[in-house]
Amino acid sequence: MKHNRSIGARSSGLTYLDAFLPERVLHFFMPELPEVETIRRDLENKILGKKIVSVLVLAKKSVHYSANKFIKVLTSDRIEKINRRGKLLYCSFVKSDLFLLVHLKMTGQLIYRQKEKITAGGHSLGKIDFELPNKFTRVIIRFSDGSELFFNDLRRFGYLKLNTAEEKDKILQKSFGIEPLTSDFKYPAFVKLFEKRKTTIKALLLNQKLIAGIGNIYADETCFCAGVRPDRRVGKINEEEKKKIFKCIESVLKLSIKNRGTTFNSYVDCDGKVGGFVRLLKVYGREGEKCRRCSGVIKKIKAAGRGTHFCLNCQK
DNA sequence: GTGTTTGTTATCAA
DNA sequence: CTTGATAACAAACA
């Protein structure tokens, strides 16, 4: 019998509360659209227009082109704008014509730290969270006001890469489908994705080339919201259900962004607050628990090659 | 040593 | 050609 609610299917034995502890947050972070958008908004407030005074590349694999080129381009330039497409961030510079593409993949983090300030009580605000840099820090970017941006990435799948405008546009074009939460996300275009397809709704939602930004957590939560089993073939999903799925993509993503994403530490203000959407998860990480809508049991299966959660009773 | 966790891509199959 | 399913990647942990 589990008394503590474990987070997701992570077989770590960690409890629900553990995931909120800063040192744990380091290990459990799965950035999908809402998390990346939260980061984008925060960083825009924090680093836009700030002069980069130095760049430290601790893991060459994490940057492209070469580390030398990366350092050379960034140093003494400023980030002009931060954009997002799906789970990818891309930044323009004031001086350079190149673009900085940032993908966090599974375990990447962008953590902003002000230069340590001492409060009246003598507490160091910078130490409320966790030590930086740490052993997963791959790149450090320092700004002229003493603040720093840390790129941490335990598994080193993520990257900070420079591309020409041409290269960037090509990637954006070939890799991403409809962007949710924009005017491109229209029901007729959404329904077209179902045509002539034999895959499952979960695989469709996860496919970045069809819809950009949805990952494993939000695919499951969207299916729950719509009352549709994630392993249903898209051809067997009726019009009413498609409408629900369409609406749910928007509502789930919006609600998560409003709550600063899932298991996301509020690194900017160091006030100990974390992303609030974990509390609002309905199915992800709740295997064996009671459904919050109908009192059925949450089941976990493998679908589209991923851990997949749904209510046995109220998802059809 | 084995089985998990996941975003993306490469690869193979239909 | 298109679509889909799966392996691989990497690191950590039970």
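What counts and how
- Residues numbered from 1 in each chain as written.
- Chains lettered and ligands numbered in written order.
- Predicted model: local features only at pLDDT ≥ 70, side-chain atom pairs only at ≥ 80, totals over all residues.
- Heavy atoms only, no water.
- Helix = DSSP H or I, 4+ residues; strand = E, 2+ residues; numbered from the N terminus.
- Expected span 1.5 Å × (residues − 1).
- Buried < 20%, exposed > 50% of the residue type's maximum accessible area, 1.4 Å probe, protein only.
- Contact = heavy atoms within 4.5 Å.
- Polar contact = N/O pair within 3.5 Å; in protein donor to acceptor, adjacent residues only side chain to side chain.
- Phe/Tyr/Trp six-rings, centres within 6.5 Å; stacked < 30°, edge-to-face > 60°.
- Lys NZ or Arg CZ within 6 Å of the ring centre and 35° of its normal.
- Disulfide = S-S within 2.5 Å.
- Pairing = 2+ DSSP bridges.
- Axes fitted to C-alpha atoms, helices over the stretch in contact; angles between N-to-C directions.
- Near = heavy atom within 4 Å.
- Nonpolar A, V, L, I, M, F, W, Y, C, P; charged D, E, K, R; others polar.

A. Focus on helix H8 (residues 239-258). For H8, which comprises 20 residues, the first-to-last C-alpha distance of 29 Å matches the rise-based estimate of 28 Å (1.5 Å per residue) to within 8%. Here H8 has its buried residues at Glu241, Lys242, Ile245, Phe246, Cys248, Ile249, Val252, Leu253, Ser256 and Ile257. The secondary structure elements touched by the buried residues of H8 are helix H2 (33-47), helix H5 (187-192), helix H6 (201-206) and helix H7 (216-226). Residue asparagine 238 occupies the N-cap position of H8, its side-chain oxygen lying 3.1 Å from the main-chain nitrogen of glutamate 240.

B. A look at the packing of aromatic side chains. Evaluated as defined, the whole model comprises seven aromatic pairs. Ring plane angle 20° and centroid distance 4.6 Å describe the contact between phenylalanine 185 and phenylalanine 246, whose orientation is recorded as stacked. Taken together, the residues span a long stretch of sequence, with phenylalanine 185 in the loop between helix H4 (165-175) and H5 and phenylalanine 246 in helix H8 at a distance of 61 residues. Overall, phenylalanine 185 belongs to the buried group, its relative accessible area being 7%. Between tyrosine 187 and phenylalanine 190, the aromatic rings sit 6.5 Å apart at their centres with planes inclined by 40°, giving tilted as the arrangement. Remark: phenylalanine 190 and tyrosine 187 occur in helix H5; sequence separation between them is three residues, near one turn of the helix. There is no split in this pair, since tyrosine 187 and phenylalanine 190 are both buried. Put simply, the rings of Phe185, Tyr187, Phe190, Phe194 and Phe246 touch in pairs and so form one group of aromatic residues. Taking the ring centre of phenylalanine 99 as reference, the NZ or CZ of lysine 168 above it sits at 4.2 Å.

C. View of the state of the cysteines. One pass over the full model with this rule turns up one disulfide. Here cysteine 225 connects covalently by a disulfide to cysteine 248, the sulfurs 2.0 Å from one another. Taking the sign of the S-S torsion, -75° for the link of cysteine 225 and cysteine 248, the bridge is left-handed. Of this pair, cysteine 225 sits in helix H7 while cysteine 248 sits in helix H8, and the two are 23 residues apart along the sequence. Looking at cysteine 248, the relative accessible area reads 5%, which means it is buried. In this model cysteine 223 remains outside any disulfide bridge; the closest cysteine sulfur is found in cysteine 248, 9.1 Å from its own.

D. Just the sheet that holds strand S7 (residues 137-143), in detail. Pairing within the open sheet is antiparallel, and its four strands lie in the order S1-S7-S8-S6. In this open sheet, the two strands that pair with only one neighbour each are strand S1 (52-57) and strand S6 (108-113). Going across the sheet, the axis of each strand differs from the next one's by a mean of 15°, ignoring polarity. The sheet contact formed by S6 and strand S8 (residues 148-153) spans six bridges and is antiparallel. In the sheet register, glycine 108 faces S8, and the bridge partner there is aspartate 153. Contacts between H2 and the sheet are confined to S6, S7 and S8, with S6 contributing the most and set at about 30° to the helix.

E. Highlighting unusual backbone geometry. Each neighbour pair has its own omega, and for histidine 64 with tyrosine 65 the value is -5°, a cis peptide bond. In this structure, alanine 304 takes a positive phi of about 55° despite not being glycine. Taking the relative accessible area as the measure of exposure, alanine 304 reaches 42% and is therefore partly exposed.

F. Summary view of the protein's contact with DNA strand B. In the vicinity of DNA strand B, 17 residues are found, and the nearest of them are His103, Met106, Asn216, Lys300 and Arg306. The sugar and phosphate moieties of DNA strand B supply 58% of its atoms located within 4 Å of the protein. Within the side chain of tyrosine 284, one N or O atom sits 3.0 Å away from a phosphate oxygen of DNA strand B. Note that a base nitrogen of DNA strand B is positioned 2.6 Å from one of the side-chain N or O atoms of arginine 306. Contributing elements (two or more residues each) for the surface near DNA strand B: strand S10 (298-303) and strand S11 (306-311). Of the residues in the surface near DNA strand B, the class split is five nonpolar, five polar and seven charged.

G. Representation of the pairing of strand S9 (residues 159-163) in the model. Extensive coverage of S9 is indicated by the burial of five of its five residues. Relative to S9, strand S2 (residues 63-64) runs parallel, the two sharing two bridges. The partner of valine 63 across the bridge, within S9, is leucine 160. Of the pairings in the sheet, the one linking strand S5 (residues 99-103) to S9 comprises five bridges and is antiparallel in character. Note on S9: the bridge partner recorded for valine 102 is leucine 160.

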